[in-house]
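Listed below, chain by chain, are the residues.
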Amino acid sequence: MELRDQAALVTGGSRGIGLEISRALAEGGARVAIVARDESRAQAAATSLPGDGHRGYAVDVADSSRVNPLIKRVGEELGGIDILVNNAGLTRDNLLMRMKDEDWDAVIDTNLRGAFNTIRAVSRGMMKRRSGRIINISSVVGLTGNKGQANYAASKAGLVGLTKAVARELASRGILVNVVAPGYIETDMTAELPEAARQGLLEQISLGRLGQPEDIAGVVRFLAGPAASYITGQVLVVDGGMVI
Ligand code: NDP
């Protein structure tokens with residue numbers, strides 16, 4: 001229970017990787033605020049977590065006019081935010097020549113601007129308390145690129161730059177900022193993959209299996225806890241040895 005008496009906010013915590021991250025932080029003793037656009041799913045997810053004091057909130061992280069009041073409200077209701085996990089993300093895949101402006105904007109706005117919005121909003125309180133952990137969920141695709149994902153890869157690479165800049169800015173205030181870059185994890189986001197593509201992926205993964213949300217959640221819990229107190233500005237790739 002190394003996170004006892006701490007409050008965590010997890011964006012996109014209503015399902016998939018974000019739900020497992022929320023569960024892992026709750027198992028560590030934290031009170032968890034789950035944020036997603038669908039209110040009933042966010043609240044149901046919060047209710048499903050072990051322990052007390054968890055809550056669900058409906059906010060689109062891309063909209064800073066909603067994020068600022070959200071952070072204030074969560075801070076009041078959970079007693080300040082000690083841990084922020086920027087996990088909300090979406091894909092709008094297409095080949096470059098077919099990619100519409102709306103596809104580009106939707107992905108950049110949620111995946112990159114969303115993280116900027118929440119980091120800017122939580123950092124004031126963290127700076128006052130002179131402590132905090134921020135963990136951004138990127139992707140190996142942000143490091144390697146991927147055909148048909150120019151928008152997604154750009155957003156995930158952007159998260160790495162954002163993390164490194166903010167890690168430098170906030171280090172003197174005791175705030176640590178890191179990235180977790182998952183490989184291929186089985187969730188709703190990846191459920192549609194055809195069998196042939198799945199087999200092709202498996203051949204690239206050294207450990208010979210696709211990842212599970214729990215594989216990411218444990219690493220986030222580690223980065224949020226006392227064992228990671230000398231780590232900041234880093235990218236931790238969690239992909240079963242897909243990119244070595
Ligand atoms: P899912 O699609 O399963 O879940 C996405 C979550 O984000 C949902 O809770 C969704 O809730 C929420 N969300 C989406 N858009 C917004 C928004 N604008 N504002 C608030 N919440 C939002 O995704 P995964 O669990 O697979 O992925 C989680 C993260 O991990 C993403 O950032 C993804 O890019 C990254 N990742 C995933 C990989 C994978 O293989 N699955 C690999 C590498 C990285 P709602 O729809 O209600 O808003």
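Our structure is the block above this text.
Source: prediction; values computed, not measured. (Residues numbered from 1 in each chain as written. Predicted model: local features only at pLDDT ≥ 70, side-chain atom pairs only at ≥ 80, totals over all residues. Heavy atoms only, no water.)

Some thoughts on the environment of D105
Here comes step 1: Looking at where D105 falls in the secondary structure, it is placed in helix α4 (residues 101–129).
Here comes step 2: On the basis of relative accessible area, D105 is assigned to the partly exposed category, the value being 41%.
Here comes step 3: The spatial distance from the C-alpha of D105 to the C-alpha of D5 is 38 Å, given a sequence separation of 100 residues. (Helix = DSSP H or I, 4+ residues; strand = E, 2+ residues; numbered from the N terminus. Buried < 20%, exposed > 50% of the residue type's maximum accessible area, 1.4 Å probe, protein only.)

Brief notes about the sheet that holds strand β3 (residues 55–58)
Here comes step 1: Within the open sheet, the seven strands sit side by side as β3-β2-β1-β4-β5-β6-β7. Their pairing is parallel. If you trace the sheet from one side to the other, it starts and ends with β3 and β7 (235–238), each paired once. For this sheet, the mean angle separating the axes of adjacent strands, direction not counted, is 20°.
Here comes step 2: Bridge count for strand β4 (residues 83–86) against strand β5 (residues 132–137) is four bridges, and the pairing is parallel. For V85, the partnering residue across the bridge sits in β5 and is I135.
Here comes step 3: Sheet strands touched by helix α1 (residues 16–27): β1 (7–11), β2 (31–36), β4 and β5. Its angle to β1, the strand with the most contacts, is close to 175°.
Here comes step 4: The sheet strands contacting helix α6 (residues 150–170) are β5, β6 (175–182) and β7, and the helix crosses β6 at an angle near 160°. (Pairing = 2+ DSSP bridges. Axes fitted to C-alpha atoms, helices over the stretch in contact; angles between N-to-C directions. Contact = heavy atoms within 4.5 Å.)

With respect to the pairing of β3
Here comes step 1: Two elements, β2 and β3, share four bridges in a ladder whose sense is parallel. Opposite A33, over in β3, you have R55 as the bridge partner.
Here comes step 2: Since β2 and β3 lie parallel, the crossover through helix α2 (residues 39–47) that links them has a hand, and here it is right-handed. (Right-handed = clockwise from strand over helix to strand, strands pointing away.)

A short note on the nonpolar core
Here comes step 1: I21, L25, V85, V180, I216 and V220 are the most contacted members of the largest nonpolar core, which totals 31 residues.
Here comes step 2: For this core, the secondary-structure elements that each account for two or more residues are β1, α1, β2, α2, β4, β5 and α8 (213–224).
Here comes step 3: Residues in contact with V220, not counting those within four places in the same chain, are I21, V85, I135, I137 and V180.
Here comes step 4: Among the nonpolar cores identified, the runner-up in size contains 28 residues, and V59, L84, I119 and A167 belong to it. (Core = buried A, V, L, I, M, F, W, Y, C linked by side-chain atoms within 4.5 Å.)

A look at the packing of α4 against α6
Here comes step 1: At their nearest, the axes of α4 and α6 sit 8 Å apart, and the two run at 15° to each other. Taken together, the axes of α4 and α6 lie roughly parallel to each other. Along this stretch, α4 crosses α6, giving a crossing that reads as right-handed. Contacts between α4 and α6 involve D103, W104, V107, I108, N111, L112, A115, F116, I119, S123 and M127 from the former and A150, N151, Y152, A154, S155, K156, G158, L159, L162, V166 and L170 from the latter. (Parallel < 35°, antiparallel > 145°, perpendicular 65-115°, else oblique. Left-handed = near helix turned anticlockwise from the far one by under 90°.)

What to know about the site of the ligand
Here comes step 1: Surrounding the ligand, one finds 29 residues, the nearest of these being S14, R37, Y152, I185 and T187.
Here comes step 2: The separation between an oxygen atom of the ligand and a polar main-chain atom of I17 is 2.9 Å.
Here comes step 3: In isolation the ligand has 890 Å² of accessible area, and contact with the protein removes 95% of it.
Here comes step 4: Where the shell around the ligand is concerned, the elements lending two or more residues are α1 and α6. (Near = heavy atom within 4 Å. Polar contact = N/O pair within 3.5 Å; in protein donor to acceptor, adjacent residues only side chain to side chain. Areas by Shrake-Rupley, 256 points an atom, 1.4 Å probe, with all protein chains shown as cover.)

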